[in-house]
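Chains, contacts and geometry: an overview
Each chain, written out:
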Amino acid sequence: MNSTTSRRGLRLGEGTFSFNFDGRRYQAREGDTAASALLANGVRLMGRSIKARRRRGVLTAGPEEPNALLTVGDSFNCIPNVAAPQLVLRAGLLLRSQNRWPSLKFDVASVLQAGGGILGAGFYYKTFMWPSWHTYEPLIRRLAGLGSAPAACTLPQASIENFSCDVLIGGGGVAGLTAARAATRAGARVVVCEREPCLGGEIEFEDARIEGTGALAWLRELAVELNSRGARLLFETTVVGGRGGEVIAHAEPGGLAGANTLYRIRPRVFVVAMGATERPLTFVDNDLPGVMLLSAAERYGVRYGVRIAKRTVIFANHNRAYAAATRLAAAGMQICAIVDTRPESAITEARVAALREQLVRSGIECLYEQTVIAARGRAGVTAAEVGSITGTGHVRVIECDTILMSGGWTPVTHAGQQEGGTRRYVPDIAAFVADRQPDARMTVGAANGVFELSAICHEAQAIGERAARLAGQACSPVPPPKAQGDPAPELRPFWRSPAPRAAEKRQFVDFQNDVTVADLRSAVEEGFYEIEHAKRYTALGFGTDQGRLSGVLGAAIIAELRGEPLDRVGTSRLRQPFHPVTLKSLAGLRTGAALRVTRRTPLHKWHLAQGGVMGPTGLWMRPMHYGKAGADVARISALEATAVRTTGGISDASTLGKIEIAGPDAAAFLDYLYMTPASSLKVGRSRYAVNLREDGMVLDDGLLLRMGSDRFRATTSTGHAEEMLAHFEYYRALEFGTAQVVISDVTDAWAVIVVAGPKSREALLPILEDPSRPPVAALQHMDFTMARFAGAELLVLRASFSGELACELHCPPDSAASLADALVGAGMKPYGLEALDILRVEKGYLTHAELSGQTTPYDLGMEGFLKRKDRFVGSDLLDRPAFHEESRPRLVGVRAANGHAAFLAGAQLVGREDRNHPCGYITSSALSPALGEYIGLALVARSIGEGAEIIARDPLRLGDTTVRIAPIVHFDPSGERMRR
Amino acid sequence: MIIDPLPHERMLEVVALRLLPEAATFPPEWPTVSGAVWYGAGGRPVILHCASGRWLVTMADAIAEKLVQATVGARCCEAIDLAGKWLGLHLSGSDVKRALASSADTAAMLGGHDCASTTLFDCPVVVAKGTRDYYVWVKRSYSTDLLASLREHAASPA
């Protein structure tokens, strides 16, 4: 049956091809997964466990697979941790097992198995302590982790799609599709996300009938109907998370991180129909290759025609074991025994009793109140030890090559819980189901703890209709489809077989993280008995399966160890994403240089043409200096600054925030917003202006220009532009709601070129159109006027941030490059942000380094602006005592005491005697070409006066430097140069 | 997707002086409902009510000029010149929706409206419906990034 060509399965095509696993070639059929093909080729050993390096085979047939995780590709270009049951093979694929060296069959680190408990829960707190943890750290780090990251990320580009719909249904099984049918028939726009490449879910291997026909045929017809009604069916797409009404679904075609799509869906109603995950049972050596979930064996048989065993023991605690055994036996598998943990009397349904009778007649032994005590074997299962669930009496050994186990099902409830929903314990199914859900979230089918097909159809029909109504569609109830499938489970909770303490180290609960009953016992005994603590202490529920297999099982065993009911212990919170999603999928096309949005000034290309070395400041790209990248920035910047001081230069100030304020109440509004009044400003004049926050701290500074009697333009610092606009809008709405004033962000509307230097006027005037020259020539400091350049209108403002004679030229963006060219042609050289910083530190002008949101007007020496009697934003709190305490800092200038030593911004300032207690810090520093020494600005305790010498401590960069407190303005203190 | 830059033209932002202006103070053609658009010749959006009490006016139509004069003359609004602030794009072709959906579900976001202020690919835009196409005005400093994103998404496989 397992030959490549003769296998028959629902998912198999006709073609055959070869693939490579750990250096050996194997044959596969079109449609095979890595797990099915390897099983068909007789490969049972597919991986090693993470800590003890125990041999592991495939446990499941789904994405929750904890053992058979493979690396696809070579070491340079590979994808690690691909679940073998999900990976659809194609010709030539290169697969490697993980967590082994040098080979899967012989792994050096498997010697750790002999160490027993040395890698138990919290081992890093208890072992490897002598002589030092660091002695062992390299080895442990080498062994840790799932798989290895590739040398380079060469994954194909992923894409993101945002869309909305009326009803989103997660899961394309009978429950989801019945709900989808009801909703689409009511006229709702429906989207179904199904993680498999085809619809049906568990129904694929049940002998189910719906509306008198085979369930699969019914589903095929239903898919046609859904398509014709405009429903969107997304295959190989799993709902992995969501928040705030947005649901995230991830499409991973072929189970391989490739050209993936991340769907960000905004549904009006979200119906979770993602089924349930079958749970393992815990017995000694339950991790041997050959121990598998019962449903997995059925799936491999039905989907891929793989008979996974010759002789098997079925071990379960519910009715479905009998239906499954019947099907597996019919498929040619020899069932040695059904080990049922329940008493015989637990089987009440006639259909199950009949199945059991039929199985017994065919020679299959049914054992009640029995359990698999242990699996026997080394490289794989060779026998099962079976005994009483009480741990007493005779233990039988049944020879077999597989043990198929089923401990019940855990409903998939992550979608609601991740958004704040709660879960409740249902004893009848020994599982947690969704309880309180976020708005417009519903759960249906096995995901809601309903496992019988007819009940599922009833519930799904009602949910589908309710979802349609919630989405605004009129909907009258219609009867649900008539269905019959496998019998109800009649499950009785059973979690682990009795075992002596020493054997608990081999009773595995979480296969992926090697968490055993002994680990859980250790956690409880050491005080980590709360489920979230136990999870973190033992790693229970970590990794790619996120506790889907082990979560409830582990919680139940902790409950047993604590002697408390399971519902009191609860389970740990499920986290996003539901299954592994590559970071590349989350980013979509926004990777590399496009990772975040970038703003460019109208002069961006011009800067590049001039040799500008661009750097990010916030979202903006600005020229840091001009010349070769990597050149001596300090030297180039000093030359640029010197050029401004000697002849002149131009810089791009387009990034300054610009807000236009207009209307009859504009002046009153600005009077309230600024510490410095606007109403006294004359038209054509500008003023340095400072904003405070409500708490009295300085928010920003800038210039206010009065453009007309009721029209102003405010400039803000680059870094605070967005915040200032929000600040304006807030007070306009909150305190000027009835006033007549408008606010508009005009930052992008105007490019700003600053022309500065002693010869800047001579450079500017000739390039302006004739009529503009006299008014511009007559401008006094802080005056502005309109002028024309090459047909474009400019606003020429005489203001300076360099201490030189300077003008800001506000021009249309399209004219900026030609204006800059004309100024360069007139002898002005461009200077970058580094030079600008030197110039402003020489003059003691402030930037975000000083306006940090933690300084008051008094700290910054702005008392002169505080003569107003009327209220403005922040004024109410200016008199609070804390603002006037001696411990408050004050802005000062600093220079090296010896006149030449270097110091940098960020250095802490300490007294010469007491070097352990900072008395301030340096906010800005520069090597001044005009003064030939390092200068800076600092915030220091008020008690330290001018002339005092203190230490600038900078242990990671320059060490200690003695600095002297100096006046804030280092250069041209009278301001004569800019008023020329 | 075909991306056509719109010709550079004068643009104004018309802002209501009061937070909740009365509709009666506007000319009858003025789109007073939030999200409404007054379309000019050829179905081009001309006056876009892009935010509460805020209109983006592309002066591509002579009638628009008169409407703005009437509105400002009625002393219910101020007009602010934004000539360089926005860069206009016309997006057409069968895959426009898909490309835009990489950033936002534009159709759903607009809903029953004709225009909205929003972000596409993290860039602030005003987006408006055309007949079977979209018009997007992006803040100039973001335009290079937006164009790159649109072109990349237009080129990516469906």
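Quantities reported herein were computed from a predicted structural model and do not represent experimental measurements. (Residues numbered from 1 in each chain as written. Chains lettered and ligands numbered in written order. Predicted model: local features only at pLDDT ≥ 70, side-chain atom pairs only at ≥ 80, totals over all residues. Heavy atoms only, no water.)

For the rest of this paragraph, the subject is the overall build of chain B. In terms of helices and strands, chain B carries four helices and ten strands. Along chain B, helices (α) and strands (β) appear in the sequence β-β-β-β-β-α-β-β-α-α-β-β-β-α when read from the amino end. Taking 158 residues into account, the globule formula puts the C-alpha radius of gyration at 15 Å, and chain B, at 16 Å, falls close to it. Seen through its C-alpha atoms, chain B measures out along the principal axes to roughly 50 × 30 × 30 Å. (Helix = DSSP H or I, 4+ residues; strand = E, 2+ residues; numbered from the N terminus. Rg over C-alpha atoms; globule rule 2.2 N^0.38 Å.)

Right, let's talk about the overall build of chain A for a bit. A count of helical and extended segments in chain A gives 23 helices and 50 strands. Looking at chain A as a whole, 61% of its 980 residues are labelled buried. Excluding contacts between residues fewer than 6 apart, the proportion of contacts in chain A whose partners are at least 24 apart in sequence is 66%. Accessible surface for chain A amounts to roughly 38,100 Å². Of this, 54% is attributable to carbon and sulfur atoms. Charge-centre separation for chain A: the mean point of 111 positive side chains lies 3 Å from the mean point of 103 negative side chains. (Buried < 20%, exposed > 50% of the residue type's maximum accessible area, 1.4 Å probe, protein only. Contact = heavy atoms within 4.5 Å. Areas by Shrake-Rupley, 256 points an atom, 1.4 Å probe, with all protein chains shown as cover. Lys, Arg positive; Asp, Glu negative; His and termini not counted. Charge placed at Lys NZ, Arg CZ, Asp CG, Glu CD.)

Time to look at the nonpolar core. Where a protein is soluble and globular, its nonpolar side chains tend to be buried together. Residues and elements named next belong to chain A. Core analysis: the biggest nonpolar cluster contains 83 residues, and L89, L95, Y300, I308, I338 and I403 have the highest contact counts within it. In this structure L95 touches F19, N20, F21, D22, A34, L70, T71, V72, L87 and L89, once residues within four positions along its chain are discounted. Counting residues in hydrophobic clusters, the runner-up holds 40 residues, among them I169, A223, M442 and A460. (Core = buried A, V, L, I, M, F, W, Y, C linked by side-chain atoms within 4.5 Å.)

This part covers the interface of chain A and chain B. Listed by partner, the interface residues are 39 residues for chain A and 34 residues for chain B. For the pair chain A and chain B, the two sides together bury roughly 3,000 Å², of which 47% comes from carbon and sulfur. The tally of links from chain A across to chain B stands at five salt bridges. Note that R600(A) is salt-bridged to D145(B), the shortest N-O span being 2.9 Å. Counting every contact that joins chain A to chain B gives 22 residue pairs in polar contact (both at pLDDT 80 or more). When contributions to the side of chain A that touches chain B are tallied by element, the ones reaching two or more residues are strand 8 (159-170), strand 35 (657-662), helix 19 (721-734) and strand 39 (742-745) of chain A. Considering every element that reaches the side of chain A that touches chain B, the biggest residue donor is strand 8 of chain A, with five residues. Here the residues of the side of chain A that touches chain B sort into 17 nonpolar, nine polar and 13 charged. (Buried area = accessible area lost by both parts, 1.4 Å probe. Salt bridge = Lys/Arg side-chain N within 4 Å of Asp/Glu carboxyl O. Polar contact = N/O pair within 3.5 Å; in protein donor to acceptor, adjacent residues only side chain to side chain. Nonpolar A, V, L, I, M, F, W, Y, C, P; charged D, E, K, R; others polar.)

Residue and element names in this part refer to chain A. Following the criterion strictly, the structure yields nine cavities of 30 Å³ or more and no others. Space inside the second largest cavity adds up to approximately 260 Å³. In this structure, the second largest cavity is lined by 24 residues; those nearest its centre are R423, Q546, G547, R548 and L574. Secondary-structure elements contributing two or more residues to the lining of the second largest cavity are strand 25 (409-411), helix 12 (531-538) and helix 13 (551-562). Its residues assigned to classes, the lining of the second largest cavity comprises seven nonpolar, eleven polar and six charged. (1 Å grid on protein atoms, 1.4 Å probe; cavity = no way out; pocket = protein on both sides within 12 Å on 5 of 7 lines; lining within 4 Å. Points joined across faces, edges and corners; volume = space filled by probe spheres on them.)

Residues and elements named next belong to chain B. Domains assigned within chain B are domain 1 (9-81) and domain 2 (86-155). In this structure, domain 1 and domain 2 have C-alpha centres spaced 21 Å apart. Listed by partner, the interface residues are 14 residues for domain 1 and eleven residues for domain 2. At the boundary of domain 1 with domain 2, the tally comes to zero salt bridges. Summed over the shared surface of domain 1 and domain 2, the number is five residue pairs in polar contact (both at pLDDT 80 or more). Within the residue set of the side of domain 1 that touches domain 2, elements represented by two or more residues are strand 3 (37-39), strand 4 (45-51) and strand 5 (54-58). Take the side of domain 1 that touches domain 2: its biggest share by element is four residues, from strand 4. (Domains from an automatic or database assignment.)

As a further point, take the sheet that holds strand 5 (residues 69-73) of chain A. All names here are of chain A. What the five strands build is an open sheet, ordered 2-1-7-5-6; its pairing is mixed. Edge positions in the open sheet fall to strand 2 (24-29) and strand 6 (78-83), since each of these has one partner strand only. Between one strand and the next, the sheet's axes are offset by a mean angle of 35°, whatever the strand orientation. When strand 5 meets strand 6, the two strands line up antiparallel, connected through four bridges. Within strand 6, the position partnered with L69 by the bridge is A83. (Pairing = 2+ DSSP bridges. Axes fitted to C-alpha atoms, helices over the stretch in contact; angles between N-to-C directions.)

Before going further, it helps to spend a moment on helix 4 (residues 174-185) of chain A. Residue and element names in this part refer to chain A. Taking 1.5 Å of rise per residue, twelve residues should cover 16 Å, and helix 4 covers 16 Å from first to last C-alpha, within 8% of that figure. Most of helix 4 is tucked away: eleven of the twelve residues are buried. Those residues of helix 4 not exposed but buried are V174, A175, G176, L177, T178, A179, A180, R181, A182, A183 and T184. Among the structural elements, strand 8, strand 9 (190-193), strand 10 (209-210), helix 5 (215-228) and helix 10 (453-470) are those in contact with the buried residues of helix 4. Once helix 4 finishes, G187 follows within two positions and takes phi at roughly 100°, a positive value. (Expected span 1.5 Å × (residues − 1).)

Residues and elements named next belong to chain A. Across all of its chains, the model carries 25 aromatic pairs over all chains by this definition. Where F315 meets F494, the ring centres are 6.3 Å apart and the plane angle is 70°; that geometry is what we call edge-to-face. Within this pair, whereas F315 is found in strand 18 (residues 311-316), its partner F494 is found in the loop between strand 29 (483-484) and strand 30 (508-510), the two being separated by 179 residues in sequence. Here F315 matches F494 in class, with each residue buried. On the numbers, 5.1 Å between centres and 55° between planes, the contact of Y425 with F432 is tilted. Looking at F432, the relative accessible area reads 5%, which means it is buried. Taken together through their ring pairs, the aromatic side chains of F669, Y672, Y674, F728, Y730, Y731 and F736 make up a single cluster. The ring of W409 has R320 lying over it, and the distance from NZ or CZ to the ring centre is 5.7 Å. (Phe/Tyr/Trp six-rings, centres within 6.5 Å; stacked < 30°, edge-to-face > 60°. Lys NZ or Arg CZ within 6 Å of the ring centre and 35° of its normal.)

Turning next to the sheet that holds strand 22 (residues 383-388) of chain A. Residues and elements named next belong to chain A. Spatial ordering of the open sheet is given by 21-22-23, a layout of three strands whose pairing is antiparallel. Among the strands making up the open sheet, the edge pair consists of strand 21 (370-376) and strand 23 (396-399). Shown here is a sheet whose adjacent strand axes are inclined to one another by a mean of 30°, direction ignored.

Further remarks concern the pairing of strand 8 of chain A. All names here are of chain A. Buried residues dominate strand 8, accounting for twelve of its twelve residues. Across eleven bridges, strand 8 lies against strand 15 (residues 261-272) in parallel orientation. From the neighbouring strand, E161 faces strand 15, where its bridge partner is Y263. Here four bridges tie strand 8 to strand 9, and the two strands are oriented parallel to one another. By the bridge assignment, V167 is partnered in strand 9 with V190.

Summed over the entire model, instances satisfying the criterion amount to zero disulfides over all chains. Between C198(A), a free cysteine, and C193(A), which holds the nearest cysteine sulfur, the sulfur-to-sulfur gap is 15 Å. What makes C198(A) partly exposed here is its relative accessible area of 26%. The cysteine C115(B) is free of any disulfide, with C50(B) supplying the nearest cysteine sulfur at 6.0 Å. Relative accessible area serves as the criterion here: at 2%, C115(B) is assigned to the buried category. (Disulfide = S-S within 2.5 Å.)

The subject of this paragraph is the layout of surface pockets. Quantified by volume, the second largest pocket comes out at close to 1,200 Å³. Each residue belonging to the lining of the second largest pocket can be placed in one class, and the counts come to 22 nonpolar, eleven polar and nine charged.

With that settled, the discussion passes to the pattern of salt bridges. All names here are of chain A. Inspection of the entire model under this criterion finds 72 salt bridges over all chains. Between R299 and E202 there is a salt bridge, with its nearest N and O atoms 2.1 Å apart. Of this pair, R299 sits in helix 6 (residues 294-304) while E202 sits in the loop between strand 9 and strand 10, and the two are 97 residues apart along the sequence. When its relative accessible area of 33% is taken as the criterion, E202 is described as partly exposed. When the shortest N-O distance is used, the salt bridge between R953 and D960 registers 3.3 Å. Through salt bridges with shared partners, one network takes in R54, R56, D285, D287, R506 and D514.

This paragraph deals with the environment of F128(A). Examined against the element boundaries, F128(A) turns out to sit in the loop between helix 2 (123-126) and helix 3 (133-143). Taking the C-alpha atoms as reference, F128(A) lies 8.8 Å from I118(A); in sequence the two are ten residues apart.

Another aspect to go through is the pairing of strand 15 of chain A. Residue and element names in this part refer to chain A. Of all twelve residues in strand 15, nine are buried; the element is thus mostly enclosed. As paired elements, strand 15 and strand 28 (residues 441-443) share three bridges and run parallel to each other. The residue of strand 28 that forms the bridge with F270 is R441.

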